[in-house]
Amino acid sequence: MLAKEHIDDLLSRSGNILSTDGHKIGSIGQIYADDDSGQPTWATARTGLFGTSESFVPLEGSRVEGDDLVVPYTKDQVKDAPRVDTDGHLEPSEEDRLYEHYQFNGGRSYTDTGRDFDDTATTGAGYDTDASGAVGHDTSGPTTDDAMTRSEERLNVGTERQATGRARLRKYVTTENVTQTVPVRREEVRIEREPITDANRAAAMSGPDLSDEEHEVTLHEERPVVDKETVPVERVRLETDTVTDEVTVDEEVRKERIETDGDTRR
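Residues numbered from 1 in each chain as written. Predicted model: local features only at pLDDT ≥ 70, side-chain atom pairs only at ≥ 80, totals over all residues. Heavy atoms only, no water.

Participant: Help me understand the nonpolar core in this model?
Facilitator: Buried together is how nonpolar side chains tend to be arranged in soluble globular proteins. Counting 25 residues, the largest nonpolar core has I17, W42, V57 and L69 as the members making the most contacts within it. The leading source of residues in this core is strand β2 (residues 24-34), at five residues. Filtering out sequence-adjacent residues up to four positions away, L69 remains in contact with L10, N16, I17, L18, I28, A43, L59, S62, R63 and V64. (Core = buried A, V, L, I, M, F, W, Y, C linked by side-chain atoms within 4.5 Å. Buried < 20%, exposed > 50% of the residue type's maximum accessible area, 1.4 Å probe, protein only. Helix = DSSP H or I, 4+ residues; strand = E, 2+ residues; numbered from the N terminus. Contact = heavy atoms within 4.5 Å.)

Participant: What exactly am I supposed to notice about the pairing of β2 here?
Facilitator: Within a regular strand, the side chains alternate between the two sheet faces. Here β2 lies mainly inside the structure; nine of its 11 residues are buried. Inspection of the sheet shows strand β1 (residues 16-18) paired to β2 by three bridges, in the antiparallel sense. The residue of β2 that forms the bridge with I17 is G26. Adjacent in sequence and paired antiparallel, β1 and β2 are bridged by five residues, among which G22 carries a positive phi angle near 90 degrees. Across five bridges, the pairing between β2 and strand β3 (residues 40-47) is antiparallel. Along β3, the bridge assignment pairs Y32 with W42. Taking the residues that link successive antiparallel strands as the turn, the β2-β3 hairpin has five residues, and the phi of G38 there is positive, at about 80 degrees. (Pairing = 2+ DSSP bridges.)

Participant: Please clarify how helix α3 (residues 92-102) should be interpreted in this entry.
Facilitator: Two residues of an α-helix separated by three or four positions point the same way, owing to the 3.6 residues in each turn. Those residues of α3 that fall on the buried side of the exposure criterion are E94, E95, L98, Y99 and Y102. Along α3, the residues classed as buried sweep out an arc of 140 degrees about the axis, all on the same side. Backbone geometry just after α3 places Q103 at a positive phi near 50 degrees. (Arc of directions from axis to C-beta.)

Participant: How do you make sense of the pattern of salt bridges when you look at a structure like this?
Facilitator: Scanning the entire structure with this criterion turns up 11 salt bridges. Between E222 and R185 there is a salt bridge, with its nearest N and O atoms 2.9 Å apart. A residue pair is termed long-range when its members are at least 10 positions apart, and E222 in the segment after α4 (201-204) and R185 in the loop between β8 (119-122) and α4 qualify at 37 residues. Overall, the relative accessible area of 63% leaves R185 in the exposed class. Several salt bridges share partner residues, and in doing so they unite R150, E152, R154 and K255 into one network. (Salt bridge = Lys/Arg side-chain N within 4 Å of Asp/Glu carboxyl O.)

Here you go:
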């Protein structure tokens, strides 16, 4: 059980409220102490965005571990607790609703305790929830100043470089037919006759008058000769080009809005 001498020390550490299984329920908001005995009876766990929501949790059966407060309830139990204004005091009807939710000691009520006083919130050593100089007071937590901060999410879009694929060069050998026409020459026999003239008469009469003779000539022709050689024809390399595309990013962002309600008449 949390002792009253631990209240200020625990609040100054800005610790968290944990469930028995070690899950964080929320940060410690306020601690409500019995007006008569001064013993702490309730604490609020600040949950939600920026800790704007506070849920009440009983301190009976709780213990301190370092800067944190461990309570014998689950996170869902605390978050589902009845919504009660954290305005510095717990009304009997509000405490009855909390007792009923937590099934506290079999579901006892505020009236069953026999008390005729309210529990009062403690937010820190010497801190007054109705601090002078501030206009109004905060209903969702301790009074700080006369203004509240409005925040919003902003979308920051950038780029990152990542590998999407690999390209490589591969060389292999193929066979194809090449047809080429080459002119070739050959010799053929042609009989050439010339008449006897004074110019060739002596050569014609140099032999016997009548005889058997043979005369032979050698014929030639050209044939195609094939020879192959390997020669370099080109060089190939891989290069990369950078192409710029436009991608539309569609994302939700949250923002806080501030409005007034209530009677604003003078």
